[in-house]
Every structure is written in structure tokens, then in C-alpha cells.
Amino acid sequence: MSNNDDKLNILVFTCNWCAYAGADLAGVSRLQMPTEFRQIRTMCSARVDPEFILYAFKNGADGVMVAGCHPGDCHYIGGNYRTRRRMALLKLLLQQFGLNPKRFRLEWVSAGEGQKFAQVINEFVNEIKELGPSPYRKKQEVRDAG
Ligand code: FES
């Protein structure tokens, strides 16, 4: 058993203009959030290529969330509409790869929604805890041990 067995790997992509600022607000407001997630800031949710998410799962992520501006509020006009379409397809693809689609989540969080950011993070981390480590992580650990 490795030391990482009970530590979940959860990635949260946040767009610079809304979700990242919402996460920052949650932090400065000292809202309670789990420590199991790591945040990656991108300029727009549309910058998150679905390939990044597949790569993350392939390399042991237990859950991935993409958080961007609310529809209509994207600072690059239609970026998050593209994100919404891409991520819907990605969810279908994850099922094809044998991953529970609950391991991936798309959320809209504005800069003023620190409370919402904390809430969705808490919900998502709890959901991933219930699902346990990704089946891909288990395979990776077997490969690493062998
Ligand atoms: Fe936030 Fe595009 S800038 S989703």
C-alpha cells in the first residue's frame, strides 16, 4: 500500500476572470474547504482542452472539475459556450473509458460567488470520496510497483 492510497487527486481548472476570483473570495472569506484539490488557473474555461482532462485521468486524477464564468459572462464572449459543448462530449467519452462520469464536473462560478465555489468544491470532493480512487490510478500503482 502506498502512502497516497487515502489521498485523493482532484484537479480544478478555474478561469482567471470568474471562477478563480470566486475561489479567491472563498479563501479570503475563510470558508471551509477540503484540502484534497489542486487548482489550475487558465485564462478561460475554453482553454481547457478535453485532452488535458483525459491526460489527468490517465495519470491518476480521481476527479476533475472545470469552473468558468456563467454563460453569457465569459470575458472572451463565447468561450464558455464552447466549453459546455466540449465537456458534454467529454462526459460521454469518459463513460466509454469506464470512468464514472461523476468524476468530472463543469460549474459556473462568478467572481462574487465565493460561497458557491466553496459549496461546489465541498460537494465534489465528497462525491469523489464516496467513489474512491479512480480505477486508472489503481492500474497506474500496479504498473509502478511492478
Ligand atoms: Fe471565464 Fe471564459 S473567461 S469562462
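Residues numbered from 1 in each chain as written. Predicted model: local features only at pLDDT ≥ 70, side-chain atom pairs only at ≥ 80, totals over all residues. Heavy atoms only, no water.

Just to check I follow, could you spell out a nonpolar patch on the surface for this structure?
Taken together, the side chains of Trp17, Met43 and Tyr76 make up a nonpolar region of the molecular surface, amounting to roughly 310 Å² of accessible area. Secondary-structure assignment places Tyr76 in the loop between strand E3 (63-68) and helix H3 (79-96). (Patch = residues over 30% accessible without salt bridge, like charges linked within 9 Å, V, L, I, M, F, W, Y side chains within 5 Å. Areas by Shrake-Rupley, 256 points an atom, 1.4 Å probe, with all protein chains shown as cover. Salt bridge = Lys/Arg side-chain N within 4 Å of Asp/Glu carboxyl O. Helix = DSSP H or I, 4+ residues; strand = E, 2+ residues; numbered from the N terminus.)

Sorry if this is basic, but what is going on with the packing of helix H1 (residues 19-28) against helix H4 (residues 114-131) here?
At a minimum axis distance of 7 Å, the contact between H1 and H4 shows a crossing angle of 90 degrees. The orientation of H1 with respect to H4, classified from their angle, is roughly perpendicular. On the side of H1, the interface is formed by Ala19, Gly22, Ala23, Leu25 and Ala26, while H4 contributes Gly114, Phe117 and Ala118. Considering only residue class, the contact of H1 with H4 consists of 6 nonpolar, 2 polar and no charged. (Axes fitted to C-alpha atoms, helices over the stretch in contact; angles between N-to-C directions. Parallel < 35°, antiparallel > 145°, perpendicular 65-115°, else oblique. Contact = heavy atoms within 4.5 Å. Nonpolar A, V, L, I, M, F, W, Y, C, P; charged D, E, K, R; others polar.)

Hey, could you run me through helix H2 (residues 50-58) in this one?
Side chains that are three or four residues apart share a direction in an α-helix, a result of its 3.6 residues per turn. Every buried residue belonging to H2 is among Pro50, Ile53, Ala56 and Phe57, and all of these are buried. Viewed end-on, H2 has its buried residues packed into an arc of 115 degrees, placing them on one side of the element. Counted as exposed and oriented over 90 degrees from the buried face of H2: Glu51, Tyr55 and Lys58. Where H2 begins, the side chain of Asp49 points an oxygen toward the backbone nitrogen of Glu51, at a separation of 2.8 Å. Looking one or two residues past H2, Gly60 carries a phi angle of roughly 105 degrees, positive in sign. (Buried < 20%, exposed > 50% of the residue type's maximum accessible area, 1.4 Å probe, protein only. Arc of directions from axis to C-beta. Polar contact = N/O pair within 3.5 Å; in protein donor to acceptor, adjacent residues only side chain to side chain.)

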